[in-house]
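# Overview (structure and organization)
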Amino acid sequence: MKALLLLLLLAQLCSASLVPEREKDPEYWRRQAQETLRNALRLQRLNQNVAKNLILFLGDGMGVSTVTAARILKGQLQHGQGEESLLEMEKFPYVALAKTYNTNAQVPDSAGTATAYLCGVKANEGTLGVSAGVTRDRCNTTKGQEVTSILRWAKEAGKAVGIVTTTRVTHATPSAAYAHSANRDWYSDGEMPPDALEGGCKDIARQLVENIPDIEVIMGGGRKYMFPKNASDVEYPHEEKHRGTRLDRRNLVQAWQEAKPSGKVAKYVWHRRELLALNLSRVDFLLGESRHHGVPQPQLGAFGGTPGLCWGSWSGQLSPQGCCWLQGILVSHPGDTGGRIDHGHHEGKAKQALHEAVELDRAIGLATRLTSAQDTLSVVTADHSHVFTFGGYTPRGNPIFGLAPMQSDVDRKPFTSILYGNGPGYKIVAGERENVSAVDFAHADYQAQSAVPLRQETHGGEDVAVFAQGPMAHLLHGVHEQNYIPHAMAYAACIGSNRAHCNAGARPAAPLLLPFLALLVLLC
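Here is what the cut-offs are and how they apply
Residues numbered from 1 in each chain as written. Predicted model: local features only at pLDDT ≥ 70, side-chain atom pairs only at ≥ 80, totals over all residues. Heavy atoms only, no water. Helix = DSSP H or I, 4+ residues; strand = E, 2+ residues; numbered from the N terminus. Buried < 20%, exposed > 50% of the residue type's maximum accessible area, 1.4 Å probe, protein only. Areas by Shrake-Rupley, 256 points an atom, 1.4 Å probe, with all protein chains shown as cover. Disulfide = S-S within 2.5 Å. UniProt positions renumbered as here; feature names shortened; annotations may be inferred. Contact = heavy atoms within 4.5 Å. Pairing = 2+ DSSP bridges. Axes fitted to C-alpha atoms, helices over the stretch in contact; angles between N-to-C directions. Salt bridge = Lys/Arg side-chain N within 4 Å of Asp/Glu carboxyl O. 1 Å grid on protein atoms, 1.4 Å probe; cavity = no way out; pocket = protein on both sides within 12 Å on 5 of 7 lines; lining within 4 Å. Points joined across faces, edges and corners; volume = space filled by probe spheres on them. Nonpolar A, V, L, I, M, F, W, Y, C, P; charged D, E, K, R; others polar. Patch = residues over 30% accessible without salt bridge, like charges linked within 9 Å, V, L, I, M, F, W, Y side chains within 5 Å. Phe/Tyr/Trp six-rings, centres within 6.5 Å; stacked < 30°, edge-to-face > 60°. Lys NZ or Arg CZ within 6 Å of the ring centre and 35° of its normal. Parallel < 35°, antiparallel > 145°, perpendicular 65-115°, else oblique.

### Details of the overall build of the chain
- Across its full length, the chain carries 13 helices and 19 strands.
- Residues counted as buried form 56% of the 524 residues belonging to the chain.
- For the chain, the exposed surface amounts to about 21400 Å²; the carbon and sulfur share of it is 52%.

Listed below in structure tokens is the structure:
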């Protein structure tokens, strides 16, 4: 303990030396501000082109505090102090805030929010692709309340589309793009109650195959929901938890392949080596599903043969209408999709959540380099936040997963900078708060301390950031309702209901829509 206190004291005494020499010069800050001003003035020349491509990067659970902490982590991974770093999304010129509440919830869930930012309509928590007239679990309230997504709007306009996620493809975040369900957990008919089946409601996996059968690219996890109950998994035939779940005994992968038009090539892959072996210039439709609920975090070195978020092997090859499939440019993953930022936070494992966010950032950077802001509207946002925070008057360059430079003035124990408002990290040892100096708080599985004990940490209710670049990006500004996002994107691409402003002669043929979820991109 004395050694720890000495180190903390030395850190404070040396804090002045943490200031880079250039930052001691007032002119450094003045020059920086002037350059920022010049860039801002250039934004007066609005980009009002029709968007040929739309890309939506969705970091599941990526609230503002997560964005800031990920920025610091990115800089520290690059051997900098961290605070001065910039995420790729932070280089986008337009930033807005989105209000994330569901119609019946102050603090939202991922299903109601996905309905908002994909379908343009706010909904009740736990429901997918339906209006607020639907009550969760009530199949009989669904009929006539279905709402369509920007993915369907794009298909109806003749565009090529794709869903790439590091979560299950039937997870709430991506599934609002194609499904209509009174319950986000109805992954297959094996998870549905008898009254819902009798009422004619369809499970989410079935809707993935049937509702919009011509989605060109679908990549994610959760393949067991596509196969008959107790069918052995192709990769783990002896593990019961990975067996099929379908009561109707259907093989939905086979159904997906059979539904494709004659002469079109549809390929199903479940392993990285199969994906790399494909000649994607000869593939019209691609379905990739791993066994995982989501892609394993690559920073932990645990994904084996599963593609992740950023490997960049197939960009531009799969282009049935002359479009570049941006979701294919990276594979190596950020978190159950950009998706696993959320999972890391729910488990109180900030290290996993933040590394996931950095992976998402790598994907954004790669997509930005392979497209042009003149014809591609890129939007980065989150569905909701988490009760994640970091503080404690840490000095410049303090390791983001490190200790605050002080002890509590109540229990006289050290604490990490990162903390949660609630979650599984609440621990009492001998009647007192756990002494974090006695544990490995830098471990990937360390659960940061929380104020309230819960088996899973909860979402947060504050607004989330929306970063935008490209045609009509200036429409995303100020504070918006979350359901505004797809309407602005559709306006930019001349799809959906707002097309009166479009010059038919200037509209590009066959643009590409890529709703990247949750972390965006990628195959599990």
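### Considerations on the state of the cysteines
- For the structure shown, the criterion picks out two disulfides.
- In this model Cys139 forms its disulfide with Cys201; the gap between the sulfur atoms is 2.0 Å. Linking Cys139 and Cys201, the disulfide has an S-S dihedral of approximately 105° and is accordingly described as right-handed. With a gap of 62 residues between them, Cys139 in the loop between helix H4 (110–119) and helix H5 (150–156) and Cys201 in the loop between helix H7 (194–198) and helix H8 (204–210) connect regions that are remote in the sequence.

### Points about the UniProt feature "binding site: Mg(2+)" (unreviewed entry) in the chain
- UniProt tags Asp60, His171 and Thr173 as "binding site: Mg(2+)" (unreviewed entry). The greatest C-alpha distance among the residues just named is 11.1 Å, despite their covering 114 residues of sequence, which places them together in space.
- Tracing the backbone shows Asp60 in the loop between strand E1 (53–59) and helix H3 (64–77).
- The topology assignment puts His171 in the loop between strand E3 (160–168) and helix H6 (172–175).
- Residue class for His171 comes out buried when judged on its relative accessible area of 3%.
- Setting aside residues up to four positions removed in sequence, His171 forms contacts with Asp60, Arg184, Tyr187 and His343.

### Considerations on the sheet that holds strand E15 (residues 450–453)
- Read from one edge to the other, the open sheet built from three strands follows the order E9-E12-E15, with strand pairing classed as mixed. Unpaired on one side and paired on the other, strand E9 (388–390) and E15 mark the two borders of the sheet. Across this sheet, the average inter-strand angle for adjacent strands is 20°, counted without regard to direction.
- Relative to E15, strand E12 (residues 418–423) runs parallel, the two being bridged by three bridges. Along E15, the bridge assignment pairs Gly423 with Pro453.

### A short note on the pattern of salt bridges
- Within this structure, the stated rule accounts for 29 salt bridges.
- The salt bridge involving Glu35 is made with Arg38; its shortest N-O contact spans 2.8 Å. Linking Glu35 with Arg38, this pair stays in helix H2 (residues 26–42), spanning three residues, or about one helical turn.
- On the basis of relative accessible area, Arg38 is assigned to the partly exposed category, the value being 41%.
- Across the pair Glu210 and Lys202 runs a salt bridge whose closest N-O atoms are separated by 3.1 Å.
- Of the residues examined, Lys202 reaches a relative accessible area of 33% and is grouped as partly exposed.
- Through salt bridges that share partners, Glu23, Glu83, Glu84 and Arg396 make up one connected network.

### A word on the UniProt feature "active site" (unreviewed entry) in the chain
- Look at the UniProt record and you will see "active site" (unreviewed entry) annotated at Ser110.
- When neighbours within four sequence positions are excluded, Ser110 is seen to be in contact with Asp60, Ala172, Thr173, Arg184, Asp383, His384 and His459.

### Digging into the layout of surface pockets
- When its volume is computed, the largest pocket comes out at roughly 380 Å³.
- Considering the residues around the largest pocket, the lining is formed by 16 residues, among which Asn39, Arg42, Leu43, Pro93 and Tyr94 are closest to the centre.
- It is H2 that contributes the most residues to the lining of the largest pocket, four residues altogether.
- Across the lining of the largest pocket, the residue classes tally to seven nonpolar, seven polar and two charged.

### Some remarks on a nonpolar patch on the surface
- On the surface, a nonpolar cluster with roughly 220 Å² of combined accessible area is contributed by Val64, Leu97 and Val479.
- Its place among the elements puts Val64 in helix H3.
- Given a relative accessible area of 39%, Val64 falls into the partly exposed group.

### What to know about the pairing of strand E4 (residues 217–221)
- Most of E4 sits out of view: five of its five residues are buried.
- The alternating pattern of E4 places Val217, Met219 and Gly221 and Ile218 and Gly220 on opposite faces, both of which are buried.
- Pairing of E3 with E4 involves four bridges; the strand directions are parallel. When the sheet's bridge partners are listed, Val164 is paired in E4 with Met219.
- Where E4 lies against strand E6 (residues 285–289), four bridges are found, and the strand directions are parallel. Paired with Met219 across the two strands is Gly288, which belongs to E6.

### Some points on empty space enclosed by the protein
- Across all of its chains, the model carries four cavities of 30 Å³ or more by this definition.
- Estimated volume of the largest cavity: approximately 90 Å³.
- Taken together, Ala350, Lys351, Phe401, Gly402, Thr416, Ile418, Phe441, Ala442, His443, Tyr446 and Ala448 make up the full set of residues lining the largest cavity.
- A per-class count over the lining of the largest cavity returns seven nonpolar, three polar and one charged.

### Brief notes about the packing of aromatic side chains
- Per the stated rule, a full pass over the model turns up three aromatic pairs.
- Taking 4.8 Å as the distance between ring centres and 80° as the angle between the ring planes, the aromatic pair formed by Tyr28 and Trp29 counts as edge-to-face.
- A cation sits over an aromatic face here: Lys122 above Tyr101, 3.5 Å from the ring centre.

### Digging into the packing of H3 against helix H12 (residues 350–369)
- Interaxial distance between H3 and H12 falls to 9 Å at its minimum, and their mutual angle equals 80°. As summarised for this structure, H3 and H12 are arranged roughly perpendicular, according to the angle between their axes. Contacts between H3 and H12 pair Thr66, Ala69, Ala70, Leu73, Lys74 and Leu77 from the former with Leu354, His355, Ala357, Val358 and Asp361 from the latter.
- Taken together, the residues that form the contact of H3 with H12 break down as seven nonpolar, two polar and two charged.

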